[in-house]
Amino acid sequence: MAVKELRAPEPSAAALSAEVDRLTEKGLADLGFQDAELEKTARLTWKINVLKKEKKAIIPAHVYQRAEVILGVADMIGDSYKLAKLCAESRAERVVFCGVRFMAETAKVLNPEKEILLPAPEAGCSLSESITAAQVRALRSTHPGAPVVTYINTSADVKAESDVVVTSANAPKILRKLYETHKKIVFIPDEMMGRNLARELGKTLGNELVIWEGSCMVHDNFDAASVEFYRKMYPGVKILAHFECSPGLVSVVDFIGGTGDMMKYVDDNKAPAYMLITECGLGDLARTRFPQKAFVPMCRLCPHMKATDLSRVLRALERPAASSRIDVPEAIRERARRPIERMFELAEDGSAS
Ligand code: SF4
């Protein structure tokens, strides 16, 4: 299913003006986009939206992507789990995945018949790259009988060696379910999340929960000491941290969870202000989704997530580079699919809560 080169037309003056209005309404001006930048952005988003229809493509975007990608061209926005599910349900012929490589690979594993394009082919992930398939096999032989539970932020090769995939949102629920029939679980590759899970589930590290020393370069570096400072500065602020943050930080915040849980918390509560300790893209999205609420900035940029911009999305639609096409060998794909489907079963099984 090769993609033919097809250049997008230029928008008319009226179409461009309407696109600027649409982006303004979506909240880009509120995020600081000035007139000239808005017009430049609108020209790209208009072209991308025209071309994606012609190419029967969909554009999923992770919540950490640039605001102009999320608000301008994305058809679906979410965390890794939500995007993986939505791609599997879509009838589109191709997917232009605005995220990082492991996410595009997951989309390919679940959608072998679709062409999956990654606009920034070099977009990796420090966490995903912290473990290899051979290391998972070695762990399995050291801990025979213990199921290998793998965070979704991993390569298809690593998923293929695993029993169940989890996300930050469903990991506690799935591990609880597995502990009904197992005394020991191997959890890879995020050390911080592993420590947080052990604490939440009351399990001993090394004995009942074996973890790996992988880390996210974004969430690994937040400073627990500054939380106290912000609490004094913004009385009543609710502080939310991602599950990939350190246990020291997690122990002093008001809420811990995945990105979807954090957005829901903001939606459900009436605090004077919120601090979202995670990648900065979530704060941008929250500010546009909840314009009446106040947010205190404390975030870090993920260089991998921010590698995708609109010009690269357009290029992926017009004339994708060979390196943008995601392929997973069939033998790996079939083995990687099973632990992902196991996650869908366990995450949606009411008895696992
Ligand atoms: S934020 Fe962390 S886990 Fe997510 S892609 Fe970046 S490095 Fe990987």
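Residues numbered from 1 in each chain as written. Predicted model: local features only at pLDDT ≥ 70, side-chain atom pairs only at ≥ 80, totals over all residues. Heavy atoms only, no water.

What to know about the nonpolar core
Nonpolar side chains in soluble globular proteins generally cluster together in the buried interior.
In step 1: By size, the foremost hydrophobic cluster in this structure holds 114 residues, and its most contacted members are Ile277 and Met343.
In step 2: By residue number, the principal contributor to this core is helix H15 (residues 330-348), which donates 7 residues.
In step 3: Those residues within four positions of methionine 343 in sequence are excluded, and the remaining contacts are Tyr81, Ile152, Val164, Val165, Val166, Thr167, Asn170 and Ile174.
In step 4: Ile131, Leu139, Val148 and Val186 belong to the second-largest nonpolar core, a separate cluster that totals 9 residues. (Core = buried A, V, L, I, M, F, W, Y, C linked by side-chain atoms within 4.5 Å. Buried < 20%, exposed > 50% of the residue type's maximum accessible area, 1.4 Å probe, protein only. Helix = DSSP H or I, 4+ residues; strand = E, 2+ residues; numbered from the N terminus. Contact = heavy atoms within 4.5 Å.)

Describing the packing of helix H5 (residues 101-110) against H15
In step 1: Contact pair H5 / H15: the axes reach a minimum separation of 9 Å and the direction vectors enclose 95 degrees. Taken together, the axes of H5 and H15 lie roughly perpendicular to each other. Here Thr106, Lys108, Val109 and Leu110 of H5 come into contact with H15, specifically with Arg333, Ala336, Arg337, Ile340 and Phe344.
In step 2: Residues that form the contact of H5 with H15 fall into these classes: 5 nonpolar, 1 polar and 3 charged. (Axes fitted to C-alpha atoms, helices over the stretch in contact; angles between N-to-C directions. Parallel < 35°, antiparallel > 145°, perpendicular 65-115°, else oblique. Nonpolar A, V, L, I, M, F, W, Y, C, P; charged D, E, K, R; others polar.)

Some thoughts on the sheet that holds strand S5 (residues 115-117)
Strand-to-strand pairing in sheets goes through backbone hydrogen bonds, with the strands running parallel or antiparallel.
In step 1: A sheet is described by the order of its strands in space; here 3 strands give the open sequence S1-S4-S5, paired in parallel fashion. Edge strands, defined here as strands with exactly one partner in the open sheet, are strand S1 (57-58) and S5.
In step 2: Pairing between S1 and strand S4 (residues 94-96): 2 bridges, direction parallel. Note that in S4 the partner of alanine 57 across the bridge is arginine 94. (Pairing = 2+ DSSP bridges.)

What about the state of the cysteines?
As used here, a disulfide is simply a covalent bond connecting the sulfur atoms of two cysteines.
In step 1: One pass over the structure, following the stated rule, counts 1 disulfide.
In step 2: Here cysteine 280 connects covalently by a disulfide to cysteine 299, the sulfurs 2.2 Å from one another. Between cysteine 280 and cysteine 299, the S-S dihedral sits near 95 degrees, and the bridge is therefore right-handed. Of this pair, cysteine 280 sits in helix H13 (residues 280-289) while cysteine 299 is found in strand S13 (residues 299-300), placing the two residues 19 residues apart along the sequence.
In step 3: What makes cysteine 299 partly exposed here is its relative accessible area of 34%. (Disulfide = S-S within 2.5 Å.)

A look at H5
In step 1: Burial analysis of H5 places 9 of its 10 residues in the buried class, the great majority of the element.
In step 2: Listing the buried residues of H5 in full gives Phe102, Met103, Ala104, Glu105, Thr106, Ala107, Lys108, Val109 and Leu110.
In step 3: Against strand S2 (60-62), helix H4 (80-89), S5, helix H7 (156-160) and H15 lie the buried residues of H5.

With respect to the pairing of strand S8 (residues 185-188)
In step 1: Of the two faces of S8, both are covered, the one formed by Ile185 and Phe187 as well as the one formed by Val186 and Ile188.
In step 2: Inspection of the sheet shows strand S6 (residues 148-151) paired to S8 by 3 bridges, in the parallel sense. Across the sheet, valine 148 pairs through a bridge with valine 186, a residue of S8.
In step 3: Across 3 bridges, S8 lies against strand S9 (residues 209-211) in parallel orientation. Paired with isoleucine 185 across the two strands is leucine 209, which belongs to S9.
In step 4: In terms of handedness, the path from S8 via helix H9 (residues 191-201) over to S9 forms a crossover that is right-handed. (Right-handed = clockwise from strand over helix to strand, strands pointing away.)

Let's talk about the pattern of salt bridges
In step 1: Counted by the stated rule, this structure contains 24 salt bridges.
In step 2: Among the ionic pairs, lysine 306 bridges to glutamate 279, the shortest N-O distance being 3.0 Å. With lysine 306 in the loop between S13 and helix H14 (310-318) and glutamate 279 in strand S12 (residues 274-279), this residue pair connects regions lying 27 residues apart in the sequence.
In step 3: Under the relative-accessibility criterion, lysine 306 is labelled buried at 14%.
In step 4: Through salt bridges with shared partners, one network takes in Glu330, Arg333, Glu334, Arg337 and Glu341. (Salt bridge = Lys/Arg side-chain N within 4 Å of Asp/Glu carboxyl O.)

A word on the domain arrangement of the protein chain
In step 1: Its domain assignment divides the protein chain into domain 1 (13-125 + 305-320), domain 2 (128-216) and domain 3 (219-300).
In step 2: Of the roughly 880 Å² buried where domain 1 meets domain 3, counting both sides, 66% is carbon and sulfur surface.
In step 3: Of all residues in domain 1, the largest losses of buried area upon contact with domain 3 belong to Leu31, Val63 and Tyr64, amounting jointly to 57% of the total for that side.
In step 4: Counting across the domain 1 and domain 3 interface gives 1 salt bridge.
In step 5: If you look at where domain 1 meets domain 3, you find 2 residue pairs in polar contact (both at pLDDT 80 or more).
In step 6: For the side of domain 1 that touches domain 3, the element with the most residues is helix H3 (residues 67-72), which contributes 3 residues.
In step 7: Each residue belonging to the side of domain 1 that touches domain 3 can be placed in one class, and the counts come to 7 nonpolar, 2 polar and 3 charged. (Domains from an automatic or database assignment. Buried area = accessible area lost by both parts, 1.4 Å probe. Polar contact = N/O pair within 3.5 Å; in protein donor to acceptor, adjacent residues only side chain to side chain.)

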